[in-house]
Amino acid sequence: MLIVLKYGGNAMAAGDAEDPVLDEVAALATRGERVVLVHGGGPQIDAELHAKAIDEVRIQGLRVTGARTRDVVEYVLCGTVNKALVRALRARGARAVGISGQDGNLLGARRAGSLGGIDLGYVGEVAAVDPAAPRALLDSGFIVVVAPLGIDVETGGVLNCNADTAAGALAGALGADAYVVLTNVAGVRRDTSDPDSVISQLSVAEAEALLAGGSLTDGMIPKMRAAIAAVRSGARRAVVAGAGYGSIEAALRGLGTELVP
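Residues numbered from 1 in each chain as written. Predicted model: local features only at pLDDT ≥ 70, side-chain atom pairs only at ≥ 80, totals over all residues. Heavy atoms only, no water.

**Student:** Looking at this structure, how should I read the overall build of the protein chain?
**Tutor:** In terms of helices and strands, the protein chain carries 8 helices and 16 strands. Scaling as 2.2 N^0.38, a compact globule of 261 residues should have a C-alpha radius of gyration of about 18 Å, and the protein chain matches this with 17 Å. Here the protein chain holds 261 residues, and the buried ones make up 52% of them. Long-range pairs, those at least 24 residues apart, make up 72% of the contacts in the protein chain with a sequence separation of at least 6. Surface exposure of the protein chain reaches about 11000 Å², of which carbon and sulfur atoms provide 48%. In the protein chain, which carries 24 positive and 29 negative side-chain charges, the distance between the mean positions of the two groups comes to 4 Å. (Helix = DSSP H or I, 4+ residues; strand = E, 2+ residues; numbered from the N terminus. Rg over C-alpha atoms; globule rule 2.2 N^0.38 Å. Buried < 20%, exposed > 50% of the residue type's maximum accessible area, 1.4 Å probe, protein only. Contact = heavy atoms within 4.5 Å. Areas by Shrake-Rupley, 256 points an atom, 1.4 Å probe, with all protein chains shown as cover. Lys, Arg positive; Asp, Glu negative; His and termini not counted. Charge placed at Lys NZ, Arg CZ, Asp CG, Glu CD.)

**Student:** Looking at this model, I keep getting lost on the state of the cysteines. Mind explaining?
**Tutor:** Disulfides are covalent bonds that connect the sulfur atoms of two cysteines. Overall, the coordinates contain 0 disulfides when judged by the stated rule. With no disulfide partner, Cys78 has as its closest neighbouring cysteine sulfur the one in Cys161, 11 Å distant. According to the relative accessible area criterion, Cys161 is buried, its value standing at 1%. (Disulfide = S-S within 2.5 Å.)

**Student:** Any chance you could explain the sheet that holds strand 5 (residues 96–100) here in plain terms?
**Tutor:** Strands in a sheet are paired, the pairing made by backbone hydrogen bonds, and the direction either parallel or antiparallel. Pairing in this open sheet of 8 strands is mixed, and the strands run 5-10-2-1-13-15-16-14 from one edge to the other. In this open sheet, the two edge strands, each paired with only one partner strand, are strand 5 and strand 14 (201–203). Across this sheet, the average inter-strand angle for adjacent strands is 20°, counted without regard to direction. Note: strand 5 against strand 10 (residues 143–147), 5 bridges, orientation parallel. (Pairing = 2+ DSSP bridges. Axes fitted to C-alpha atoms, helices over the stretch in contact; angles between N-to-C directions.)

**Student:** Help me out: how do you make sense of the nonpolar core in this one?
**Tutor:** Here is a general trend for soluble globular proteins: nonpolar side chains tend to be buried in one another's company. Among the nonpolar cores identified, the biggest contains 41 residues, and Val4, Val36, Val146, Tyr179, Val188, Met224 and Leu259 are the most heavily contacted of them. Per-element tally for this core: the top contributor is helix 7 (residues 220–233), with 8 residues. When sequence neighbours within four positions are dropped, the list of residues in contact with Tyr179 reads Val4, Lys6, Asp164, Ala167, Gly168, Ala171, Ala226, Ala227, Ala230, Arg237, Ala238 and Val239. In this structure, Ile54, Ala94, Ala241 and Leu252 belong to the second largest nonpolar core, which totals 38 residues. (Core = buried A, V, L, I, M, F, W, Y, C linked by side-chain atoms within 4.5 Å.)

Structural data, given as structure tokens:
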């Protein structure tokens, strides 16, 4: 089974010694499952921006990225979080390789432009995916850990791609058996204020209706858009679920919100 896992934000321990998700990733790889882990690093980026006195602005879950913010994002994701995850997986006996979307032209992107009248700066929308590099690494038995930086297809520069968007696009391009999004909530809620209103299953059409109706907010917006893109472009299924002990296996059994065509 090929699993593309999105792990990031407040749900991610970022290589901490005690991380049940990484325990499970290593165990899955040991038994022969093929795993691509696309990570974010929002809290770590926020901390570095704060330390450098750079203002942090988000619109609909997307980080407005000026030149200074872009440099911080690249440093934190590629130089800190990515390698911490690789080391943590190695400590669990797994073979892992860390790359970014820049390596092997994995993620080609275009600047996203404006949202709500505000220029997003160096935020990239994924325009093309070349999955040759992760496929080669998977075929060699490695867990592939991906930082979501893309190459600007027009200028060759670096663009900050939302991790959910990057993971969904990669899941589709790889034809993943499952695209699993781990977050700090148990799934997509029909009522955002009610933890017991998690929706067990959505069709693509129903998910699009939720987005259009404005019932999804903040970080769940790019997560759902990415899940839709993954299923539409080749992934067999997508599941949004809470992180924790046994969370990946639980998501594969359908716990959380499963998106189907």
